[in-house]
Amino acid sequence: MVVPILKQGHYLIATIPTALTDADLQDLRDGLVAEVGLYRSRGVVVDITALDVMDSFAVRTVRDIAHMTRLRGAETVIVGIQPEVAFSMVELGLTLEDVNTALDLEEGLALLDRKRKRIVKEGEARGP
Amino acid sequence: MRAHRSQARDEPSRPPSAHPRTGRRVAESRAGPPAGASTGVLLRELVAHLRQGRTQLRDEWVQRIIEARLLTAMSRDEIFAEATSVYDNYLDALETGTLEALQAYARSLSERIIPRGVETHEVVGIVLLLRDVLARSLFAKYQADFQMLNRVLDAYEPAANRIAITVAVGFVQERERVIREQQEAIGELSTPVLPVRERLLILPIIGLIDAQRARQLTEQLLRAVRANRAKVVVIDITGVPAMDSNVANHLVRTVDASRLLGAMVIVTGLSPEIAQTLVKLGLDLSKMNTVGDLQGGIEEAERLLGYQVVSLPEEKS
């Protein structure tokens, strides 16, 4: 199954609709990393509301997406982690320490907006 | 004596009641006893004997209960009333050999006396006393005939033991049921998740946390975060007297899980003892955001949410 990647302004949004195979997840990762460059996006939102299980491979892939897109200039936010999923992830030691997370799509976009503003401000402060 | 035998069989499920059964002896002899029921015959015979001496034996029993300082939570009259109905139920159980009625009675007795603070040893104690009082009466009656006394005791002892066990088990089960109910009630009461401002939740924890309660807390917190779209959660553990490494680890995991849902957790009110325990356990608490007290925690949370509290200028009068 191919996960559609939607372009929304400066951001890319990928909503995972159902449990994915490992190959699908890798396709999603490759697609996002490629399109971030293609559209010069500043942020990525991966919505996993529909997932009620996150295995270690899925978590690692999500973390890879975040790290890879950051290297290409875009922050990634994971949104919509279910309470049960969150707790079982933590039980497994998969805490996504260095990845942004938010409650839902709206929150995720707000988080990206705040991050961008901060970067812009810092840029102005550094300016001549 | 024979008249009793058939009657007992005819009404095996007589309801437990406190009435002396005086009118029963008048009845009939319809069927003969089945062969080989010598234990039953004996039991019935001695039950009839014990019923005859009911008033005297019961009074002796009550006297001994009071002397032994059992059931101190109850008045003499109450002890007397309970003793009367226990006595009759005891004899019924001896006579019929069925324990259902006695079980039901033991349950209702436990329901009545547990709230009064009656202890397990007291309940077991009075039943054993009754057993003793009745056995002595049998000794007195059959002391002339040693053979007969042996047979009577052979019949009496197992039945009496069964009764004692039934009453004790009934009491303990009732107790455990009460404890279970209370645990459930505490479990439901003890984990309120309170929204205090938009997107700010407070979770005050009071009392000891065990593994089960910790799990329940986490579950409720994560659900509440989702339901209230919370951004900041203040967990206040002022009311927690102590914490072991399991619970501390659980707390850290709760913080991590909340972060995955996009909520920040601030822990407030760590007592000096808990602070020492956590440091001594060598837990990595660097991820945990802690503030001294609940007030500070709420202020910090408001700052994170972008609120600012200002006092209004005094109104001009």
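Residues numbered from 1 in each chain as written. Chains lettered and ligands numbered in written order. Predicted model: local features only at pLDDT ≥ 70, side-chain atom pairs only at ≥ 80, totals over all residues.

Student: Residue-level account of the overall build of chain A, with values.
Tutor: Along the backbone of chain A there are four helices and five strands. Seen in sequence order, chain A has helices and strands lined up from the N terminus as β-β-α-β-α-β-α-β-α. Considering chain A as a whole, with its 128 residues, one finds that 38% of them fall into the buried category. Of all intrachain contacts in chain A linking residues separated by at least 6 positions in sequence, the fraction that spans at least 24 positions is 77%. (Helix = DSSP H or I, 4+ residues; strand = E, 2+ residues; numbered from the N terminus. Buried ≥ 20, exposed ≤ 12 C-beta atoms within 10 Å, placed from the backbone. Contact = placed C-beta atoms within 7 Å.)

Student: I'd like a rundown of the overall build of chain B, residues and numbers included.
Tutor: Along its length, chain B carries eleven helices and five strands. Residues classed as buried in chain B amount to 32% of the 317 residues present.

Student: Before we move on, can you summarise the pairing of strand β4 (residues 264–268) of chain B with the specific residues and values?
Tutor: Residue and element names in this part refer to chain B. The buried fraction of β4 amounts to four of the five residues, a majority that puts the element mostly inside the structure. Between strand β3 (residues 232–239) and its parallel partner β4, the chain crosses via helix α9 (residues 245–260), and the hand of that crossover is right-handed. Handedness of the crossover joining β4 and strand β5 (residues 289–291) through helix α10 (residues 272–281): right-handed. (Right-handed = clockwise from strand over helix to strand, strands pointing away.)

Student: Account for the nonpolar core, with residues named and values stated.
Tutor: One finds A86(A), L201(B), V225(B), V233(B) and L261(B) to be the most contacted residues of the largest nonpolar core, which totals 69 residues. When residues no more than four places from it in sequence are discounted, the contact partners of V233(B) are L201(B), L203(B), L221(B), V225(B), S258(B), A263(B) and V265(B). W61(B), Y105(B), V133(B) and Y156(B) belong to the second-largest nonpolar core, a separate cluster that totals 37 residues. (Core = buried A, V, L, I, M, F, W, Y, C linked by C-beta atoms within 7 Å.)

Student: Tell me what's going on with the interface of chain A and chain B, and back it up with residues and numbers.
Tutor: Facing the 13 residues of chain A at the interface are twelve residues of chain B. When residues of the side of chain A that touches chain B are traced back to their parent elements, those giving at least two are α3 (83–91) and β5 (100–102) of chain A. Ranked by residue count, the leading element in the side of chain A that touches chain B is α3(A), at six residues. By residue class, the composition of the side of chain A that touches chain B is nine nonpolar, two polar and two charged. (Nonpolar A, V, L, I, M, F, W, Y, C, P; charged D, E, K, R; others polar.)

Student: Provide a residue-level description of the pairing of strand β2 (residues 11–15) of chain A, including the pertinent values.
Tutor: Residue and element names in this part refer to chain A. A large share of β2 lies buried, amounting to four of its five residues. Connecting the antiparallel pair strand β1 (residues 5–8) and β2 is a turn made up of two residues, with G9 showing a positive phi of about 60 degrees. With respect to chirality, the unit in which β2 leads through helix α1 (residues 22–39) into the neighbouring parallel strand β3 (residues 43–47) is right-handed. (Pairing = 2+ DSSP bridges.)

Student: Which residues make up the sheet that holds strand β1 (residues 194–197) of chain B, and what values do they have?
Tutor: Two strands in a sheet stick together by hydrogen bonds in their backbones, pointing the same way (parallel) or opposite ways (antiparallel). Residues and elements named next belong to chain B. The strand order β1-β2-β3-β4-β5 describes an open sheet built from five strands, whose pairing is mixed. Two strands bound the open sheet, and with one partner strand each, they are β1 and β5. Across the sheet, the mean angle from the axis of one strand to that of its neighbour is 30 degrees, orientation sign disregarded. Pairing analysis gives six bridges linking strand β2 (residues 200–206) to β3, with the strands arranged parallel. Within β3, the position partnered with I206 by the bridge is G239. Across the sheet, helix α11 (residues 294–305) lies against β2, β3, β4 and β5, angled at about 175 degrees from β3, the strand it touches most. (Axes fitted to C-alpha atoms, helices over the stretch in contact; angles between N-to-C directions.)

Student: Tell me about the sheet that holds β5(A), residues and numbers included.
Tutor: Residue and element names in this part refer to chain A. With mixed pairing, the five strands of this open sheet are ordered in space as β1-β2-β3-β4-β5. Two strands lie at the open edges of the sheet, namely β1 and β5, each paired on one side alone. Mean inter-strand twist for the sheet, computed between neighbouring axes without regard to direction, equals 25 degrees. Here α1 sits on the sheet in contact with β1, β2 and β3, set at roughly 160 degrees to β2.

Student: An account of unusual backbone geometry is needed here, citing residue identities and associated values.
Tutor: Notably, R40(A) is not glycine yet its phi reads approximately 50 degrees, a positive angle. Tracing the sequence through the fold places R40(A) in the loop between α1 and β3. Here L71(B), not a glycine, exhibits a phi torsion of approximately 55 degrees, which is positive. Assignment of secondary structure puts L71(B) in the loop between α3 (54–67) and α4 (76–96). Using a count of 23 C-beta atoms within 10 Å as the deciding quantity, one classes L71(B) as buried.

Student: Summarise the packing of α3(A) against helix α8 (residues 211–228) of chain B; cite the residues concerned and give the values.
Tutor: Look at α3(A) against α8(B): their axes get within 9 Å of each other, and the N-to-C directions meet at 130 degrees. Here α3(A) is positioned oblique relative to α8(B), judged by the angle of their axes. You can see that α3(A) and α8(B) cross each other, and the crossing is right-handed. Contacts from P83(A), A86(A) and F87(A) of α3(A) reach α8(B) at T218(B), L222(B), R223(B) and R226(B). For the contact of α3(A) with α8(B), the class distribution of residues is four nonpolar, one polar and two charged. (Parallel < 35°, antiparallel > 145°, perpendicular 65-115°, else oblique. Left-handed = near helix turned anticlockwise from the far one by under 90°.)

Student: So what about the packing of α3(B) against helix α6 (residues 120–142) of chain B? Which residues, and what values?
Tutor: Residue and element names in this part refer to chain B. At a minimum axis distance of 10 Å, the contact between α3 and α6 shows a crossing angle of 135 degrees. When the axes of α3 and α6 are compared, the pair comes out oblique. Seen from above, α3 lies across α6 with right-handed handedness. Each of L57, E60, W61, R64 and I65 in α3 lies in contact with α6, whose residues at this interface are I126, L129, L130, V133, L134 and S137. In terms of residue class, the contact of α3 with α6 is built from eight nonpolar, one polar and two charged.

Student: Could you give an account of α6(B), with specific residues and numbers?
Tutor: The terminal C-alpha atoms of α6(B), which comprises 23 residues, lie 33 Å apart, in line with the 33 Å expected from a rise of 1.5 Å per residue. Among all positions in α6(B), only E122(B), V123(B), I126(B), V127(B), L130(B), V133(B) and L134(B) are buried. (Expected span 1.5 Å × (residues − 1).)

Student: Explain α10(B) residue by residue, including any values.
Tutor: Helical periodicity: at 3.6 residues per turn, an α-helix aligns residues three or four positions apart in one direction. Of all ten residues that make up α10(B), zero are buried, and the element is exposed over most of its length. Of the residues flanking the end of α10(B), it is G282(B), one or two places downstream, whose phi is positive at about 70 degrees.

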